[in-house]
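# Structure at a glance
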Amino acid sequence: MAAIALDAADRKELLARFLRYVQVDTQSDEDSKSSPSTEKQKNLSRILAKELKDLGCTDATMDEWGYVFATVPGNLPAGHAAAGKVPTIGLIAHVDTYHGTVGAGVKPHVIENYRGGDVALAGDPRQVIRVADNPNLPRCVGHTLISSDGTTLLGADDKAGVAEIMSAVAWMRKHPEFPHGPVRVAFTTDEEVGRGTEHFDVAAFGAKYAYTLDGSDLAEIEDETFCADSALVVVEGHDVHPGYAKGKLINAARVGAAIVERLPKDFLPETTEGREPYLHPYDVRGSVTRLEIKFLVRAFTEEELHAREDDLRRIVGEVQDLFPGARISVEVRESYRNMAYKIAEDSKVLEVAFEAVRRLGLEPVRRAIRGGTDGARLSFMGLLTPNIWAGGQSFHSVQEWVSLEWMAKACEVALHVLQVWVERSAAGRGK
Ligand SMILES: [Zn+2]
């Protein structure tokens, strides 16, 4: 059997796929209520369904939400020790790009054999990818790098993941001698607006375990996300003609300001990192009569999350005492939970990923995401889904870039994952 490695032709195809996909505008829209949030995401989904069909996935379809599902049937011969025993494995990436940075008119720029140093972007002289801000740049000397021209994002988040999965499917087709179990592929919409799994039918997908290819650095496996809630503070004041307001007017804007001002300075996203929790007042709007403050609450454990929410309630209580005439309410809503809670229930899915990374001669780096992923939500919907690197750097910015070599390694690690599952199943450790 051929060793799992992309050859020069495979890499060329991987690059061509990636360049093709990033030029399709798939920006999602935070304010849209429809699904998908933007119809244009389907433009890429349609291309992917067609390409999957061309690669032999006869059941490839795009549904009304813009999700693409496809199967690479298992190919183990009847006598194989793992035949009938390998769990169906899902490979997942998202087609949409971040809503806050221009995603239309991407002009990808390819640097072959990167020599080191800062990278100036041709479309905007103010945009320079600096070594000082990108500690991974020196790790990529000699690689093929891809960036935008500095006027748009690149969209490696997550079209790198999409291209890697497509290349894994293409590689399996090219190497029928590579034994693998059933593989399900999913490309989802609206990940960037937190709705990537809203219509994801886990039962119809039918995978036992899955992996998203949506991370960043080579060898990184992410099995932890934040526990996330949102909180809404509503202040109701009392408006009176300001000329005759003495002793009567209660200004909701001042009440809200007092709440924001009292938030401890070491609780904020701009003052925290690593495993530290935060409380983030990200949207304040209103008037004298009524003011709303929206908060994000984030922590790696539910205990820390609830402690921050209690802090918010305490602060609101203090401000209520200062403005007895105002009516202040706090409403907390659950967003998602740390997927580590779920993965701990069946850690095989993670062990396989680590083993696959080691087979590339790399030491796996386990990382916690200061955010959420579709995989976190899927894990709570019953499909355990850790996240594998896709290679992209400086996500969501016009200085986004990616190394083709890291993308190729991500594609290879996905193939190794499939192989490790076969071996474990043959040894009776698959299920
Ligand atoms: Zn992403």
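Look above for the structure.
Residues numbered from 1 in each chain as written. Predicted model: local features only at pLDDT ≥ 70, side-chain atom pairs only at ≥ 80, totals over all residues. Heavy atoms only, no water.

## Description of the coordination of the zinc ion
Keep this limit in mind: Counted as coordinating are nitrogen, oxygen and sulfur atoms within 2.8 Å of the metal, or 3.2 Å for Na, K and Ca, while water is not included, which may make sites look incomplete. By the criteria applied here, four donors are tetrahedral when all angles lie between 85 and 135 degrees, four are square planar and six octahedral when opposite donors are over 155 degrees apart and every other angle lies between 65 and 115, and any other arrangement is irregular. Numbered from the N terminus, helices here are DSSP runs of H or I no shorter than four residues, and strands are runs of E no shorter than two. The rule is simple: take the accessible area with a 1.4 Å probe, protein chains only, and divide by the maximum for that residue type; under 20% is buried, over 50% is exposed, in between is partly exposed.
Here the zinc ion is held by His94 (NE2), Asp157 (OD), Asp214 (OD) and Asp214 (OD), and the distances to it run 1.9 to 2.7 Å. Taken together, the four donor atoms coordinating the zinc ion and their angles of 52 to 147 degrees define a geometry best described as irregular. Considered as a linear motif, the donors of the zinc ion on their single chain read H-x62-D-x56-D. Separated by 63 residues along the polypeptide, His94 in strand β3 (residues 89-94) and Asp157 in helix α3 (residues 156-174) bring together distant segments of the chain. Note on Asp157: relative accessible area 6%, which makes it buried.

## Let's talk about the sheet that holds strand β8 (residues 183-188)
Where strands meet in a sheet, backbone hydrogen bonds hold them as pairs that are either parallel or antiparallel. What counts, and what does not: Pairs of strands are assigned from DSSP output, requiring at least two bridges between the strands. Any two residues whose heavy atoms approach within 4.5 Å at even a single point are treated as in contact. Lines are fitted to the C-alpha atoms to define the axes, a helix being fitted only along its stretch in contact, and any angle between axes, read from their N-to-C directions, falls within 0 to 180 degrees.
Taken in spatial order, the eight strands line up as β1-β2-β8-β3-β9-β16-β10-β15 in an open sheet, and their pairing is mixed. With one partner strand each, in any of the chains shown, β1 (61-62) and β15 (365-368) form the two edges of the open sheet. The pairing of strand β10 (residues 220-224) with strand β16 (residues 387-389) spans two bridges and is antiparallel. The residue bridging Ile221 from the neighbouring strand is Ile388, located in β16. Sheet strands touched by helix α10 (residues 404-426): β3, β8, β9 (209-215) and β16. Its angle to β16, the strand with the most contacts, is close to 140 degrees.

## Quick notes on the nonpolar core
Rules: Residues grouped as a nonpolar core are buried Ala, Val, Leu, Ile, Met, Phe, Trp, Tyr and Cys residues, joined through side-chain atoms within 4.5 Å.
Grouped together as the largest cluster of nonpolar side chains are 88 residues, with contacts concentrated most on Phe18, Leu52, Phe187 and Tyr211. Here the element with the most residues in this core is α10; it accounts for 14 residues. Discounting residues that sit within four places of it in the chain, Tyr211 has contacts with Ile89, Gly90, Leu91, Ile92, Val349, Val352, Ala353, Thr385, Pro386, Ile388, Val417 and Trp421. Grouped together as the second largest cluster of nonpolar side chains are 26 residues, Val233, Ala258, Phe267 and Ile293 included.

## Side note on α3
To keep it simple, the criterion reads: Any helix carries an expected span of 1.5 Å times its number of residues minus one.
If you check α3, its first and last C-alpha atoms are 25 Å apart, about what 19 residues at 1.5 Å a residue would give, namely 27 Å. With 17 of its 19 residues buried, α3 lies for the most part within the structure.

## Quick notes on unusual backbone geometry
Cis geometry is adopted by the peptide bond preceding Pro36, which originates at Ser35 and carries an omega value of -5 degrees. Among the structural elements, Pro36 can be located in the loop between α1 (8-22) and α2 (41-54). A cis geometry characterises the amide bond from Asp157 onward to Asp158, with omega recorded as 5 degrees. Here Asp158 lies in helix α3. Phi at Asn113 takes a positive value of approximately 50 degrees, unusual for a residue other than glycine. One can find Asn113 in the loop between β4 (109-111) and β5 (119-120). The class for Asn113 is partly exposed, based on a relative accessible area of 37%. One non-glycine residue, Ala219, adopts positive backbone phi at about 75 degrees. In this structure, Ala219 sits in the loop between β9 and β10. Residue Ala219 is classed as buried on the basis of its relative accessible area of 4%.

## Focus: the packing of helix α8 (residues 348-358) against α10
Cut-off, in case you're wondering: Each angle receives one of four descriptions, namely roughly parallel if under 35 degrees, roughly antiparallel if over 145, roughly perpendicular if within 65 to 115, and oblique otherwise. By the definition used in this description, the sense in which the near helix is turned from the far one sets the handedness, with an anticlockwise turn below a right angle giving left-handed and a clockwise turn giving right-handed.
Interhelical geometry of α8 versus α10 gives an angle of 120 degrees and a closest axis separation of 8 Å. Between α8 and α10, the angle is such that the two are oblique. Remark: the crossing between α8 and α10 carries right-handed chirality. In this structure, α8 uses Lys348, Val349, Glu351, Val352, Ala353, Glu355, Ala356 and Val357 to contact α10, whose residues at the interface are Val413, His416, Val417, Val420, Trp421 and Arg424.

## Looking at α2
Taking 1.5 Å of rise per residue, the 14 residues of α2 would be expected to cover 20 Å, and the 20 Å separating its terminal C-alpha atoms lies within 8% of that figure. Where α2 is buried, its residues contact α1, β1, β2 (68-72), α3 and β8.

## Considerations on the side chain of Ser216
The condition that has to hold: Any N or O atom pair separated by 3.5 Å or less is treated as a polar contact, with the protein-specific requirement of one donor-capable and one acceptor-capable atom, and with residues adjacent in sequence counted only for side-chain atom pairs.
Position of Ser216 among the secondary structure elements: in the loop between β9 and β10. Here Gly392 takes part through its backbone oxygen, which lies 2.5 Å from a polar atom of the side chain of Ser216. The contact partners of Ser216, leaving out residues within four places of it in the chain, are Trp389, Ala390, Gly391, Gly392, Gln393, Phe395 and Trp406.

## Quick notes on the pattern of salt bridges
The condition that has to hold: Salt bridges are identified by distance alone: a Lys or Arg side-chain nitrogen within 4 Å of an Asp or Glu carboxyl oxygen.
Tallied over the entire structure, the rule returns 37 salt bridges. The partner of Arg367 in a salt bridge is Glu220, with the nearest N and O atoms 3.1 Å apart. Taken together, the residues span a long stretch of sequence, with Arg367 in strand β15 and Glu220 in strand β10 at a distance of 147 residues. Taking the relative accessible area as the measure of exposure, Glu220 reaches 8% and is therefore buried. For Arg367, a relative accessible area of 36% corresponds to the partly exposed category. One continuous salt-bridge network, built from bridges that share partners, spans Arg262, Arg308, Asp311, Arg314 and Glu318.

## With respect to the side chain of Glu412
If you trace the backbone, Glu412 turns up in helix α10. The class for Glu412 is buried, based on a relative accessible area of 3%. Beyond its immediate stretch of four places on either side in the chain, Glu412 contacts Ile4, Ala5, Leu6, Arg11 and Leu360.

## A short note on the packing of aromatic side chains
What counts, and what does not: Two rings from Phe, Tyr or Trp (for Trp, the six-membered ring) form a pair when their centres are within 6.5 Å of each other. A pair whose planes differ by under 30 degrees is stacked, one over 60 is edge-to-face, and the rest are tilted.
The full count for this structure, using the stated rule, is eight aromatic pairs. Both rings, one in Phe226 and one in Tyr278, keep their centres 5.6 Å apart while their planes meet at 85 degrees; by these two values the pair is edge-to-face. You can see Phe226 sitting in the loop between β10 and β11 (227-236) and its partner Tyr278 sitting in strand β12 (residues 278-286), a full 52 residues away along the chain. Tyr278 matches Phe226 in its accessibility class, with the two residues each being buried. Relative to Phe300, the ring of Phe226 has its centre 4.7 Å away and its plane inclined at 35 degrees; by these criteria the two rings are tilted. Within this pair, whereas Phe226 is found in the loop between β10 and β11, its partner Phe300 is found in the loop between β13 (290-299) and α6 (302-322), the two being separated by 74 residues in sequence. Put simply, the rings of Tyr67, Phe69, Phe200 and Phe205 pair up and form one aromatic cluster.

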